[in-house]
Structure formats: C-alpha cells, structure tokens
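Structure at a glance
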Amino acid sequence: MQIPVEIAFHNLPKSDWAENEIRDHVSRLEEIYDRLTTCRVRVDQRATNPANTVPPVVRIEMSVPGRREIVVAHEPDHLERKFQNPDLHNAINEAFRIAERRLTQYKDQLQDRSAAGEHEAANEYLGQIVEITPAEDFGFLLTASGSLLYFHRNSVLSGDFDRLKIGSAVRYIEDVGDTGPIATKVRAKS
C-alpha cells in the first residue's frame, strides 16, 4: 500500500486488540488486490442505549488506481439482525467480509475486461467487399445484416489492400470511427 492504513475511533475508546484485528484484515485485503493504494477505517459508536447493546459502525474506504473509492459501511441494525449479541468484533469482521467481497468483484471485473481484449476473434465478423477504390485508399464491405461499413487501406492487415477485389470474403472487427461504424482489422478470409 502506498499510504499506511489509517484507523480512527470515534465516540469509543481506542482498543489495541481491535486495531490489531483491523490491521490483519487490511493485510488480507492487500493479498486479494496488491494495487490497493490507501485504506481508511473508522470505528464510530453513533448510538447507544441503556444496555450498551448497539454495535459500532465500521466504515472502510479503499482507494485503487483508476476508480473512485470503494466504501463499505452498514448500520447497526444489520448486525443486530445477523447476530444475537453484536459487538465490536462482529462489526469489524462483517465490514471486512463485505470489503473483501467488493474488492474481489472489482478485481474480477478488471480481469474480465482484459480477457475480453485478448480474444478479438470472438468479436470478429464475416463480410464481403462491395466497393474498393485503390486510388483513394478506401473501400466498403457488406455485413451479414446488410449494412455497409467503410474501411481504410491502413485497417487492412498484412498489406492485402491491393489484392482485395469486389466479392472477396473478409473477416473484420467493427468499431466506431469519427462518423459512425467502421471496419477495422480487415483481413482476407482464408
């Protein structure tokens, strides 16, 4: 972590065992996602009753590159529904359980996005050349849905632009250009 963990106690005395438990949980968060930049934990006793049975709120704010903070906080009634006699230990464990799940989901989202980028063949379509203008370095292809897509000489792979003829079958990836949909990574069908 770039910035050391920040732990604050409000409306209740600081507890060494609670701070050590929080640091252990933060270490597990770092194992889940090693690019965690900051983590702030605030333990706040917002409400009390005569029997002192209202658990504190544990709020966790995690910062990761490229995203707004991931924030975990829940009200005491959540703990009261889940545990018979909720206490600070339950509040810490429950907050970090949720934080671990959210951080894991974020990490999985990042992996899904990078995996989708690695498998372009899954986004590849089959088309047919319907117009080609070698003197002006562009052409149009017909998609399976019957629409025309513009492509430029530079979007044809392996320098095959001059070998393309009207009627040639091609594979391509559809993208969005300045004026609308275009064909990129065009290559003659083998």
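Below is a short write-up of the structure. Predicted model only: the values in this text are computed from it and were never measured.

Further remarks concern the nonpolar core. Core analysis: the biggest nonpolar cluster contains 28 residues, and I60 and M62 have the highest contact counts within it. Top contributing element to this core by residue count: helix α3 (residues 88–118), with nine residues. When near neighbours in sequence (up to four residues on either side) are disregarded, I60 contacts C39, R40, V41, I70, V71, V72, A95, F96 and A99. Membership of the second largest hydrophobic core comes to 12 residues, among which are I132, L141, V156 and A183.

Along the chain, the position of D175 falls in strand β8 (residues 169–176). Sequence-distant contacts of D175, that is, excluding residues within four places in its chain, are made with G180, P181, I182 and T184.

In spatial order, the strands read β1-β2-β3-β4; together these four strands make up an open sheet with mixed pairing. Two strands bound the open sheet, and with one partner strand each, they are β1 (6–10) and β4 (70–72). Neighbour-to-neighbour, the strand axes of this sheet turn through a mean angle of 10°, independent of strand direction. Sheet topology places strand β3 (residues 57–63) next to β4; three bridges connect them, and they run antiparallel. Pairing of E61 across the sheet is with V71, part of β4. Helix α1 (residues 16–32) contacts β1, β2 (38–44) and β3 of the sheet and is inclined by roughly 140° relative to β1.

The side chains of a regular strand alternate between the sheet's two faces. Two elements, strand β5 (residues 124–133) and strand β6 (residues 138–142), share five bridges in a ladder whose sense is antiparallel. Residue pairing in the sheet places I132 in a bridge with G139 of β6. Counted between consecutive antiparallel strands, the loop separating β5 from β6 contains four residues, among which D137 sits at a positive phi close to 65°. With five bridges joining them, β6 and strand β7 (residues 148–152) adopt antiparallel strand pairing.

Within the structure shown, the criterion is met by six aromatic pairs. Aromatic pair F140 and Y150: ring centres 5.9 Å apart, planes at 70°, arrangement edge-to-face. Of this pair, F140 sits in strand β6 while Y150 is found in strand β7, placing the two residues 10 residues apart along the sequence. Residue Y150 is classed as partly exposed on the basis of its relative accessible area of 32%. Among the aromatic residues, those joined into a cluster by ring pairs are F138, F140 and Y150.

Conventions and cut-offs
- Residues numbered from 1 in each chain as written.
- Predicted model: local features only at pLDDT ≥ 70, side-chain atom pairs only at ≥ 80, totals over all residues.
- Heavy atoms only, no water.
- Core = buried A, V, L, I, M, F, W, Y, C linked by side-chain atoms within 4.5 Å.
- Buried < 20%, exposed > 50% of the residue type's maximum accessible area, 1.4 Å probe, protein only.
- Helix = DSSP H or I, 4+ residues; strand = E, 2+ residues; numbered from the N terminus.
- Contact = heavy atoms within 4.5 Å.
- Pairing = 2+ DSSP bridges.
- Axes fitted to C-alpha atoms, helices over the stretch in contact; angles between N-to-C directions.
- Phe/Tyr/Trp six-rings, centres within 6.5 Å; stacked < 30°, edge-to-face > 60°.

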